[in-house]
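# Inside the fold
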Amino acid sequence: MTAHTPRILTDAETSLIEAYAAAGNTSAERDAAIAKLKDDGLPTRRVEAFHYTDLRALLKAGYTVAARPSDDLAKTVGAKFPRLVTGASVQHFRDGHFFDFGEDVPKGATVTAELPTAKLLEGDADATALINTAFAQDGLTLSIDEGAEIEQTIGLAYAHTGTANTIAAQRFAINAAANSKSTIVYRAVGLEDVQYLSSSVVDLDIAEGATVTLTMSIEEGNLAQRLARLNVSLGKEAVLNLFILNVGGKLVRQEVNFDVVGENSELNISGVNLIGGEAHIDVTSRITHHVPNTVANETFRNVATGRGRGVFQGQINVRQAAQLTDARMACNTLLLSDNCDFSAKPELEIFADDVQCAHGATVTDLEESYMFYLMARGISETNARRMLIKAFVAEIVEEIEDEGLVEALEARIDTWMEKHV
Amino acid sequence: MLEIKNLHVRIEEDGTEIIKGLNLSVAAGEVAAIMGPNGSGKSTLSYVLSGKEDYEVTEGSITYNGQDLLELDVAERAAAGVFLAFQYPVEIPGVPTMTFLKEAMNAQRKERGEDELTTPDFIKRVRAAAGDLKIDFNMLKRPVNVGFSGGEKKRAEILQMSLLEPKLCILDETDSGLDIDALKIVSDGVNHLRDPNRAVIVITHYQRLLDHIVPDTVHVLSDGKIVKSGDKTLAHELEEKGYADIIAAAA
């Protein structure tokens, strides 16, 4: 006979449970999520998927669910963050709540401002997903009509308005119907020097023959804690071009899960993680090839400095049926200070016998001979460093087709460098 | 303009002494050639003048326009007008040549308290200078030196030199890897920059370059010291007799 000792909850766990009870926004699904969180606890480094991001140690206590801010505040905070794409049609969220600012949705797209159902796959409900399921305040579903080719960029923008120690959680579903083409920019911003918890889940379903170009610019405030996930289902002959910029946050856990379920589909994933100050930024990626003849390319460029800690976990699963999979993954990192670190972990699980899978990781400092050359022309050490860092990440950013968006993202990178390099 | 006194330099990493009591003085308006066999310390001298790390000055001084050059970092020296034309210019992927040129020109202008160049003014200057050196303007749309041939890299160095208008130019074996035509273009570029207010140090193995860039003084560097100085005829003497005889005679 063994005595069952109940695990003692940590402050962060207790505070999540209390915040949930206090908010009073309950449902069977939410109850189940919070009960599972209570049972499992927040993951520690013993959970393989959280090996480098010990949530039990890192997640702060004392959060309460954010109230809906006033329309005025919602607008003033938004104005502090100029748009990345001029002429985009943007849907706005503040502190987890939807705000209809009356922007026209382009023809061929529909927005339903209701919280989409949480897709909790059996055994796949980690803390990131559970917290979102329990706390999501608002959300929306963006549907792209069959065959629609939408030129105008559609934006999903979230801002935290600055009430300290609040939880802001939202969930988006994006359904790109067959043979549609769309360009979407997802953006998360928050104010500096305010601690808050940001939770975000995006479920993206790309149907047969559809192409989605998705750019995620994650610019949380310097004290923000962010737990987020992107789930993608990629259909037959579908294409996803995904770019992720991480340029803020104290703790960022960004999970990206891809289920490649249609043949002859193509997944292009790239991203830039800028990790400075005290930031801990974790991008955990899992690509599962379920069917034959699919292509996936994944490249992340990381710049770590100060006391920043970066993590990239890249899992590629090739199921037995997925013959002729062509999957490539690269993770290149610049380590610029003595006190920063970066952990890169590739995980390949291949059950098909006729596939090509490649992965590579590099870690370097700036090339000394380049520094000498630039400085020998009068460019200061700081500016020379910035030029070389920019060159390192620009190669990835400049693959984005929209030149205006490239410029806007590079301006964000410049701002980061002015602060951290 | 430049006064080097009893300079001793060693490689920081392993302590090997390369420059062993070098004395040299170069006046404004002067073109000084430094010749010497392999391993005599020619390239080390150019690196020490431009401020490359990895070298440690253990003794002696370098005074440039009354200023202690050794006090300045690489960028400060460049801003003060010291220019090194590299023997092997590096390729820097991802840094567009035009961005680099503009950044360099403006950094130096800022240092001198001048306004930044406007984009049209900048482009105009680059076009003119590139034309003089027969550099295809489209080449400058590439990243710094990436995909340039050996000759193109050397011409690009001279292009930078003419745009930055330095006071002290150091040409480190600029003739290596150049065919006759390119040698002529590069030499014309350098001659064009000869000016009563500018000094040029030409470091070379061969007398050939000195037919095109005619020096006022020639110095023979051997085992980290200047062992013989003279006018341009010394270069011809070296070409005829080889280094061994001259060095032996000087020792």
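Here the residue index of a chain counts from 1 through its sequence in written order. Going through the entries in the order they are written, you letter the chains from A and number the ligands from 1. Owing to the predicted nature of the model, reporting of local features is limited to residues with pLDDT of at least 70; listing and counting of side-chain atom pairs is limited to 80 or more, with chain, interface and lining totals taken over all residues.

### Describing the overall build of chain B
- For the purposes of this entry, the term helix denotes a DSSP run of H or I that reaches at least four residues, the term strand denotes a run of E that reaches at least two, and both are numbered from the N terminus. A tally of regular secondary structure across chain B gives eight helices and 10 strands.
- At 18 Å, chain B has a C-alpha radius of gyration in line with the 18 Å of a compact globule built from 251 residues.
- Once the C-alpha set of chain B is aligned to its principal axes, its extents read approximately 55 × 40 × 35 Å.
- Taking all 251 residues of chain B together, the buried fraction comes to 41%.
- For every residue pair, C-beta atoms are placed from the backbone, and the pair is scored as a contact if these atoms sit within 7 Å. Counted over contacts in chain B with a minimum sequence separation of 6, partners at least 24 positions apart contribute 71%. What the globule rule says is 2.2 Å times the number of residues to the power 0.38, and the radius of gyration is computed from C-alpha atoms. Burial is judged by counting the other C-beta atoms within 10 Å of a residue's own C-beta: 20 or more makes it buried, 12 or fewer makes it exposed, and any count in between marks it as partly exposed, with every C-beta position built from the backbone.

### Quick look at the interface of chain A and chain B
- Listed by partner, the interface residues are 17 residues for chain A and 20 residues for chain B.
- Taken together, the elements giving at least two residues each to the side of chain A that touches chain B come down to helix 6 (368-375) and helix 7 (381-397) of chain A.
- Ranked by residues supplied to the side of chain A that touches chain B, first place goes to helix 7 of chain A with seven residues.
- Across the side of chain A that touches chain B, the residue classes break down as 10 nonpolar, four polar and three charged. Think of it as three bins: nonpolar holds Ala, Val, Leu, Ile, Met, Phe, Trp, Tyr, Cys and Pro, charged holds Asp, Glu, Lys and Arg, and polar takes everything else, Gly as well.

### Looking at helix 7 of chain A
- By this rule, a helix spans an expected 1.5 Å times one less than how many residues it contains. With 17 residues, helix 7 of chain A should reach 24 Å at 1.5 Å per residue; the first-to-last C-alpha distance of 24 Å fits that figure.
- Every buried residue of helix 7 of chain A is accounted for by Ala384, Arg385, Met387, Leu388, Ile389, Lys390, Ala391, Phe392, Val393, Ala394 and Val397 of chain A.
- For helix 7 of chain A, the secondary structure elements touched by its buried residues are strand 14 (266-275), strand 16 (295-304), strand 18 (326-335), helix 6 and helix 8 (403-420) of chain A together with helix 3 (97-111) of chain B.

### Overview of the environment of Ala22 of chain A
All names here are of chain A.
- Topologically, Ala22 is positioned in helix 1 (residues 11-23).
- Look at Ala22 and you get exposed, because 10 C-beta atoms sit within 10 Å.
- In the structure, Ala22 is positioned 76 residues away from Phe98 in sequence and 21 Å away in space, judged by C-alpha atoms.

### Structural notes on the packing of helix 6 of chain A against helix 7 of chain A
All names here are of chain A.
- It is the contact of helix 6 with helix 7, at a shortest axis distance of 9 Å, that shows an interaxial angle of 125 degrees. Judged on the interaxial angle alone, helix 7 and helix 6 are oblique. With respect to the hand of their crossing, helix 6 and helix 7 are arranged in right-handed fashion. Across from Tyr370, Met371, Leu374 and Met375 in helix 6, the residues of helix 7 making contact are Glu381, Ala384, Met387 and Leu388.
- The residue inventory of the contact of helix 6 with helix 7, partitioned by class, reads seven nonpolar, no polar and one charged. Under this scheme, a helix contributes an axis fitted over its contacting stretch, all axes are lines through C-alpha atoms, and angles between N-to-C directions fall in the 0 to 180 degree range. When describing relative orientation, an angle under 35 degrees is termed roughly parallel and one over 145 degrees roughly antiparallel, while 65 to 115 degrees is termed roughly perpendicular and anything else oblique. By definition, any crossing whose near helix is turned counterclockwise from its far helix by less than a right angle is left-handed, and any crossing with a clockwise turn is right-handed.

### Regarding the sheet that holds strand 14 of chain A
All names here are of chain A.
- Strands were regarded as paired on the criterion that DSSP finds at least two bridges between them. If you walk across this open sheet you meet the 10 strands as 3-2-6-8-10-12-14-16-18-20, and the pairing is mixed. A single partner strand is all that each edge strand has here, and the edge strands are strand 3 (97-99) and strand 20 (356-364). For this sheet the average axis-to-axis angle between neighbouring strands, irrespective of direction, equals 10 degrees.
- For strand 6 (residues 154-160) and strand 8 (residues 181-190), the ladder comprises seven bridges, and the chain directions are parallel. By the bridge assignment, Ala157 is partnered in strand 8 with Arg187.
- Relative to the sheet, helix 4 (residues 71-79) contacts strand 2 (89-94), strand 3 and strand 6, its axis offset from that of strand 2 by approximately 120 degrees.
- Here helix 7 sits on the sheet in contact with strand 14, strand 16 and strand 18, set at roughly 155 degrees to strand 16.

### A short note on the pairing of strand 6 of chain A
All names here are of chain A.
- For strand 6, a buried count of seven out of seven residues is recorded, marking the element as mostly surrounded by other parts of the structure.
- Neither face of strand 6 is open: one carries Ile154, Leu156, Tyr158 and His160, the other Gly155, Ala157 and Ala159, and all of them are buried.
- As paired strands, strand 2 and strand 6 are joined by six bridges and run parallel to one another. Looking at strand 6, one finds that Gln91 is bridged to Leu156.

### Side note on the nonpolar core
- The biggest cluster of nonpolar side chains holds 200 residues, and the ones touching the most others in it are Ile206 and Met375 of chain A together with Phe83, Ile170 and Ile201 of chain B.
- Other than its neighbours up to four places away in sequence, Ile206 of chain A contacts Ala176, Val212, Val232, Ser233, Leu234, Gly235, Ala238 and Leu240 of chain A. What we call a nonpolar core is a set of buried Ala, Val, Leu, Ile, Met, Phe, Trp, Tyr and Cys residues whose membership is set by joining through C-beta atoms within 7 Å.

### Quick word on the packing of helix 5 (residues 150-164) of chain B against helix 6 (residues 180-192) of chain B
Residue and element names in this part refer to chain B.
- In the contact formed by helix 5 and helix 6, the axes pass within 10 Å of each other and the chain directions differ by 10 degrees. In terms of orientation, helix 5 and helix 6 fall into the roughly parallel class. Contacts from Gly151, Lys154, Arg155, Ile158 and Ser162 in helix 5 reach Ala182, Ile185, Val186, Gly189 and Val190 in helix 6.

### Some words on the sheet that holds strand 5 (residues 67-68) of chain B
All names here are of chain B.
- Taken in spatial order, the four strands make up an open sheet running 2-1-4-5, and their pairing is antiparallel. Edge positions in the sheet fall to strand 2 (17-26) and strand 5, since each of these pairs with one other strand and no more.
- Where strand 1 (residues 2-11) lies against strand 2, seven bridges are found, and the strand directions are antiparallel. Bridging from a neighbouring strand, Leu2 pairs with Val26 of strand 2.

### A short note on the confidence of the model for chain B
- One confidence number per residue, pLDDT, is output by the predictor and ranges from 0 to 100. Put simply, chain B has an average pLDDT of 92, and 100% of its residues get 70 or more.
- With pTM at 0.93, the complex prediction returns an ipTM value of 0.95.

### A short note on helix 8 of chain A
All names here are of chain A.
- For helix 8, spanning 18 residues, the distance from its first C-alpha to its last is 25 Å, which sits close to the expected 26 Å at 1.5 Å a residue.
- Residues of helix 8 that are buried: Leu405, Leu409, Arg412, Ile413, Trp416 and Met417. Each buried residue of helix 8 lies within a common arc of 140 degrees when the element is viewed along its axis, so the set occupies one face. For helix 8, exposure combined with an orientation more than 90 degrees from the buried face picks out Glu403, Glu407, Ala411, Thr415 and Glu418.
- At its buried positions, helix 8 is contacted by strand 10 (211-219), strand 12 (239-246), strand 14 and helix 7. Within this analysis, the arc is defined by the directions that extend from the helix axis to the C-beta atoms.

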